Amino acid sequence: MDKIRINGTRPLYGTVAVSGAKNAALPLIAATLLTPGTHTLHNVPDLRDTRTMLKLLETLGATWERSGTSVQINTTDLTGAEAPYDLVKTMRASVLVLGPLITRVGHARVSLPGGCAIGARPINFHLRGFEQLGVETILEGGYVEARVQGRLEGSTVYFDIPSVTGTENVLMAAVKATGQTIIKNAAKEPEVGNLIDMLTAMGAEIEGRDTDRLMVTGVDFLQPVEATIIPDRIEAGTYLIAVGAAGGELTITDCFPSQLPALLEKLRAAGMSIEDKANSFTASCPVDSAGNRCPLRGVNVTTMPYPGFPTDLQAQFMALMIQADGVSIIHETIFENRFMHVAELQRLGADITIDGASAVVRGISRDRICGAPVMATDLRASASLVVAGLAASGTTEISRIYHLERGYENMVEKLQGAGADIEKVKA
Ligand code: EPZ
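Thresholds, definitions, all that
Residues numbered from 1 in each chain as written. Predicted model: local features only at pLDDT ≥ 70, side-chain atom pairs only at ≥ 80, totals over all residues. Heavy atoms only, no water. Phe/Tyr/Trp six-rings, centres within 6.5 Å; stacked < 30°, edge-to-face > 60°. Helix = DSSP H or I, 4+ residues; strand = E, 2+ residues; numbered from the N terminus. Buried < 20%, exposed > 50% of the residue type's maximum accessible area, 1.4 Å probe, protein only. Lys NZ or Arg CZ within 6 Å of the ring centre and 35° of its normal. Near = heavy atom within 4 Å. Polar contact = N/O pair within 3.5 Å; in protein donor to acceptor, adjacent residues only side chain to side chain. Areas by Shrake-Rupley, 256 points an atom, 1.4 Å probe, with all protein chains shown as cover. Nonpolar A, V, L, I, M, F, W, Y, C, P; charged D, E, K, R; others polar. Domains from an automatic or database assignment. 1 Å grid on protein atoms, 1.4 Å probe; cavity = no way out; pocket = protein on both sides within 12 Å on 5 of 7 lines; lining within 4 Å. Points joined across faces, edges and corners; volume = space filled by probe spheres on them. Contact = heavy atoms within 4.5 Å. Salt bridge = Lys/Arg side-chain N within 4 Å of Asp/Glu carboxyl O. Pairing = 2+ DSSP bridges. Disulfide = S-S within 2.5 Å. Axes fitted to C-alpha atoms, helices over the stretch in contact; angles between N-to-C directions. Parallel < 35°, antiparallel > 145°, perpendicular 65-115°, else oblique. Core = buried A, V, L, I, M, F, W, Y, C linked by side-chain atoms within 4.5 Å.

**Student:** What is the right way to read the packing of aromatic side chains from this model?
**Tutor:** The relation between two aromatic rings is expressed through the spacing of the ring centres and the mutual angle of the planes. One pass over the structure, following the stated rule, counts two aromatic pairs. Ring geometry for Phe125 and Phe159: centres 6.5 Å apart, planes at 75°, overall edge-to-face. Of this pair, Phe125 sits in helix H5 (residues 124-132) while Phe159 sits in the loop between strand E10 (156-158) and helix H6 (164-174); the two residues are 34 residues apart in sequence, bridging distant segments of the chain. Given a relative accessible area of 1%, Phe159 falls into the buried group. Considering the side-chain rings of Phe309 and Phe317, the 5.4 Å spacing of their centres and the 70° angle between planes classify their relative orientation as edge-to-face. The residues Phe309 and Phe317 share a single accessibility class, namely buried. Taking the ring centre of Tyr143 as reference, the NZ or CZ of Arg109 above it sits at 4.0 Å.

Take a look at the structure:
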């Protein structure tokens, strides 16, 4: 298996362009199943996960063609409605085909995703939402069979937790249901808004974008569309954090700073200077002639649904706090096992104590963060190890980087372009 090798302490300078958002591309690719025809999606990142979703659509009978960052998807002739275990187990977001298939053909058979490194990842809220709309769901042999006689019926769906893909799945089941569907405690992430924009362009009637109360009025017809994937705010946030760790000055373009309010607050409180414009950031953490990076202060973070601090940036932020002055308490409220990166960061010298859903990080001087062989355990943990490796003295080798390649397009090349001494090495 390939590895990433980093010789740390090199500051970052120059510009990095952000790619399209993985967590918007996945629901929007699934949404093309809603209606026959040729759809065109722009700014689609070429990632392991987007390739998996496109492969899933192929197994359902769709065809697709990539041209640069645009992907044409033809879903006219669907030949199946089953998402097999061997695909779903590699990517939980495969469950996003449930809503569109139920709407399009009235049934679907999707493998239950099973857990992953960061938690059990159940889909009970998705299934309960479908049942509210008149869908019968049967769990059998590790699969969920969903079936509806005739049309789905508008109703009220309440989410105990504002589930992002749960909101997206129920939206795609409601767009052609009879009458009105109200979704309460809906997720407000920008990726949900991106899906709402695409569904609206298809002819859906959805009110309440960016709020926790969505009202869908069912329509009879949806048309194929062109849609554009929003920039990946988590990728942008990862590079902002990387500047804090490595030092230097980096302009991060093709992104929406307005979508990272909590992270900006925390990085500025830690001591970074960040200039944000409409579609770019310039982050700086000066390094003096002796190579000492500007001092950073430890700050506390609690992960929350949008617009709170994103759980998808928790691991990366921790990799910054291990080298800040003072103590930082990082409280993870979204997933029950999202501290897999702690043991690996400890191999680099970090002083972290886990106490239930909190990690107490005692910052140490950066020269005590020493490179070592480490292992990626999940997507954002692997990004955390890259951030730490950029700051560490000596060489850090990260194995199992297929985790990283699920969600970051050309990360090694982008960091090389910013002056990092980083390379991908064949096993
Ligand atoms: C989405 O996952 C993202 N994935 C995740 O990004 C992200 O971490 C998460 O939202 C939270 O922001 C995609 O959009 C493809 P949830 P999702 O449903 O929708 C519990 C990454 O690194 N829950 O909002 O699966 C669940 O266990 C990935 O890019 C239920 O109990 O997350 C969690 O504790 C990781 N039952 C909480 O709700 C359900 O039916 C929030 O999960 C659904 C969720």
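**Student:** Would you explain the site of the ligand in this entry?
**Tutor:** Not every one of the 23 residues close to the ligand is listed here, only the nearest: Arg92, Ser163, Thr165, Asp312 and Ile334. For the ligand, a nitrogen atom lies 2.7 Å from a polar atom in the side chain of Asn124. In the environment of the ligand, an oxygen atom lies 2.9 Å from a nitrogen or oxygen atom belonging to the backbone of Val164. Surface burial for the ligand is 90%, taken as the share of its 820 Å² of free accessible area covered by protein chains. For the shell around the ligand, the leading source of residues is H5, giving three residues. A class-by-class count of the residues in the shell around the ligand yields eleven nonpolar, six polar and six charged. Looking at which domains feed residues into the shell around the ligand, each of domain 1 (2-19 + 231-426) and domain 2 (22-228) supplies at least three.

**Student:** Explanation requested: empty space enclosed by the protein in the structure shown.
**Tutor:** Empty pockets left among the atoms are what a rolling probe the size of a water molecule brings to light. Per the stated rule, a full pass over the model turns up one cavity of 30 Å³ or more. Looking at the largest cavity, its volume works out to about 40 Å³. Lining the largest cavity, in full, are Pro231, Asp232, Arg233, Ala236, Cys255, Phe256, Pro257, Gln259, Leu260 and Phe281. For the lining of the largest cavity, the class distribution of residues is seven nonpolar, one polar and two charged.

**Student:** Could you clarify how one ought to interpret the environment of Gly208 in this entry?
**Tutor:** For Gly208, the position within the fold is in the loop between strand E12 (205-207) and strand E13 (213-217). Among the residues examined, Gly208 registers a relative accessible area of 26% and is labelled partly exposed. Sequence separation between Gly208 and Gly193 is 15 residues, and the spatial gap between their C-alpha atoms is 9.6 Å. With near-sequence residues (within four places) excluded, Gly208 lies in contact with Arg213 and Leu214.

**Student:** What should I look at first to understand the layout of surface pockets in this one?
**Tutor:** In this structure, the second largest pocket occupies an estimated 280 Å³ of space. Its residues assigned to classes, the lining of the second largest pocket comprises six nonpolar, six polar and four charged.

**Student:** What's the story with the pattern of salt bridges in this structure? I'm lost.
**Tutor:** Two side chains with opposite charge may pair up if their charged atoms get near one another. Here the structure, examined in full by the defined rule, presents 23 salt bridges. Here Asp49 and Arg406 are joined by a salt bridge, their closest N and O atoms 2.8 Å apart. With Asp49 in helix H2 (residues 48-59) and Arg406 in the loop between strand E23 (395-399) and helix H13 (411-417), this residue pair connects regions lying 357 residues apart in the sequence. Judged by relative accessible area, which is 2%, Asp49 ranks as buried.

**Student:** Looking at this model, I keep getting lost on the pairing of strand E15 (residues 248-253). Mind explaining?
**Tutor:** Within a regular strand, side chains alternate between the sheet's two faces. Judged by which residues are buried, E15 turns out to be one-sided: Gly248, Leu250 and Ile252 face inward and are buried, whereas Glu249, Thr251 and Thr253, on the alternate face, are not. The sheet contact formed by strand E2 (residues 12-17) and E15 spans six bridges and is parallel. When the bridges of E15 are listed, Ala17 appears paired with Thr253.

**Student:** How should the state of the cysteines be read in this particular structure?
**Tutor:** Under the definition given, this model contains one disulfide. Covalently, Cys285 is tied to Cys294 through a disulfide, its sulfur atoms 2.5 Å apart. Between Cys285 and Cys294 the sulfur-sulfur dihedral comes to about -60°; the bridge is accordingly left-handed. Look at Cys294 and you get buried, because its relative accessible area is 13%.

**Student:** In this structure, what is going on with the packing of H6 against helix H7 (residues 190-202)? I would like to understand it.
**Tutor:** For any two helices packed against each other, the geometry comes down to the angle between their axes and how far apart the axes lie. Where H6 meets H7, the axes come as close as 10 Å, and the angle between the chain directions of the two elements is 10°. Considering the angle they form, H6 stands roughly parallel to H7. The residues of H7 that touch H6, namely those facing Val164, Thr167, Glu168, Leu171 and Met172, are Glu191, Val192, Leu195, Ile196 and Leu199. Looking at the contact of H6 with H7, its residues break down into seven nonpolar, one polar and two charged.

**Student:** Would you mind showing me how to read the nonpolar core here?
**Tutor:** One broad trend across soluble globular proteins is that nonpolar side chains are buried collectively. Formed by 74 residues in total, the largest nonpolar core has its most connected members in Phe317 and Leu345. Tallying contributions element by element places helix H8 (residues 233-246) first for this core, with nine residues. Apart from the residues lying within four places of it in its own chain, the contact partners of Leu345 are Met318, Ala319, Ile322, Ala350, Ile352, Ser384, Leu385 and Ala388.

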